[in-house]
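Read off the chains here:
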Amino acid sequence: MPRIFIMSGITRRGRCVVCDSEMSHIKSYVNLICKYFSRSSIDFYVDNNSRIQDAVAECNAIKPDLCYIPNTMDSVMHDRKFSSLYVNSMDSSSIAYRMADQIRNCREEFYNGAVFINEFKNTDSFSKVQAPIIADCLVFHDNVEQAKFFHDNMEVFAISFVKAICEYFNVLLKESFSICRQENDDIAELVDALKKIREIADQCIKKIDIE
């Protein structure tokens, strides 16, 4: 039985511009992944260790087929619009790359930006992980449009990931799910309003720094 190790406890404490923190929405995302994995024969394990060393040790003890690290990103410009899957081997024949390619194909069915596969730069700690690694940078949480899209379509992201893993291992889901993103007619208005709020906040911060 395929086994997936979800390393969710090491998520950074970034601020999501829409409504919560990175840690909070990653927890919700992982809960949805577990909900749909439970409807398949995929064996999954969620690790909540906040120390990388402990999470790595737990992962190696579980001996999974994949170590999956979900997170969201931020940037200086606050305007990035893409999703990136980082793998510990860019060899197109490697397990990590082939799984990431399957995830990318499923995500491109609904995601409103580009989806890339990049090399995961191992730190000393992550280099000790014995399983294939995919660090999934889902969206940029400091981009209002992207953060809103992620929250509106969090369940679609989760279903897409589970579907990709099941397809890779040729495992059937107990029920079928469609991958269809949610459209919101008011999103443009909300994005503009939040951008204006952010601009006002930035101006206030600059004024305080000058004074």
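Use the structure listed above.
Remember, it's a predicted structure, so these values are computed and weren't measured experimentally. Every chain is numbered independently, its residues counted from 1 as its sequence is written. The predicted origin of the model limits local features to residues at a pLDDT of at least 70 and limits the giving and counting of side-chain atom pairs to 80 or more, whereas totals for whole chains, interfaces and linings rest on all residues. Side-chain calculation: all heavy atoms of the structure are included, whereas hydrogens and water are not.

### A word on the packing of helix 3 (residues 95-107) against helix 5 (residues 154-168)
Next, step 1: Contact pair helix 3 / helix 5: the axes reach a minimum separation of 8 Å and the direction vectors enclose 135°. By the angle class used here, helix 3 and helix 5 are oblique. For the pair helix 3 and helix 5, the sense of crossing is right-handed. Within the contact between the two elements, helix 3 uses Ile95, Arg98, Met99, Gln102, Ile103, Cys106 and Arg107 and helix 5 uses Phe157, Ser160, Phe161, Lys163, Ala164, Ile165, Glu167 and Tyr168. Note on geometry: axes are lines fitted to C-alpha atoms, helical ones only across the stretch in contact, with angles between N-to-C directions running from 0 to 180 degrees. Helix and strand labels come from DSSP, where a helix needs a run of H or I of at least four residues and a strand needs a run of E of at least two; each type is numbered from the N terminus. Note that the term roughly parallel is reserved for angles under 35 degrees, roughly antiparallel for angles over 145, roughly perpendicular for angles of 65 to 115, and oblique for everything else. Crossing handedness is defined as follows: a turn of the near helix away from the far one that is anticlockwise and smaller than a right angle gives a left-handed crossing, while the clockwise case is right-handed. Residue contacts are defined here by distance: any two heavy atoms, one from each residue, within 4.5 Å place the two residues in contact.

### Focus on the pattern of salt bridges
Two side chains bearing opposite charge may form a pair once their charged atoms approach each other closely.
Next, step 1: Salt bridges are defined by distance alone: a side-chain nitrogen of Lys or Arg within 4 Å of a carboxyl oxygen of Asp or Glu. Scanning all chains against the criterion turns up nine salt bridges.
Next, step 2: Glu155 serves as the salt-bridge partner of Lys35, at 3.2 Å between the closest nitrogen and oxygen. Here Glu155 lies in helix 5 and Lys35 lies in helix 1 (residues 22-37), a separation of 120 residues in the sequence.
Next, step 3: Partly exposed residues are those whose accessible area sits between 20% and 50% of the maximum for their type, while under 20% is buried and over 50% is exposed, using a 1.4 Å probe and protein chains only. Note on Glu155: relative accessible area 32%, which makes it partly exposed.
Next, step 4: Look at the salt bridges and you will find they share partners, linking Glu109, Lys163 and Glu167 into a network.

### Observations concerning the sheet that holds strand 3 (residues 66-73)
What holds strands together in a sheet is hydrogen bonding between their backbones, with the strands either parallel or antiparallel.
Next, step 1: Whether two strands pair depends on DSSP finding at least two bridges between them. Read from one edge to the other, the open sheet built from six strands follows the order 2-1-3-6-4-5, with strand pairing classed as mixed. Strand pairing shows two members of the sheet lacking a second neighbour, strand 2 (43-47) and strand 5 (114-119), which therefore form its edges. This sheet shows a mean twist of 20° between the axes of neighbouring strands, independent of strand direction.
Next, step 2: As defined by bridge partners, strand 3 adjoins strand 6 (residues 133-140) across six bridges and the pair is classed as parallel. Across the sheet, the residue bridging to Cys67 is Ile133, located in strand 6.
Next, step 3: Sheet contacts for helix 1: strand 1 (3-7), strand 2, strand 3 and strand 6; angle to strand 3, the most-contacted strand, approximately 140°.
Next, step 4: Contacts from helix 4 (residues 144-152) reach strand 3, strand 4 (82-87) and strand 6 within the one sheet, and its direction differs from that of strand 6 by about 115°.

Don't take any of this as a statement about function, it's just geometry.
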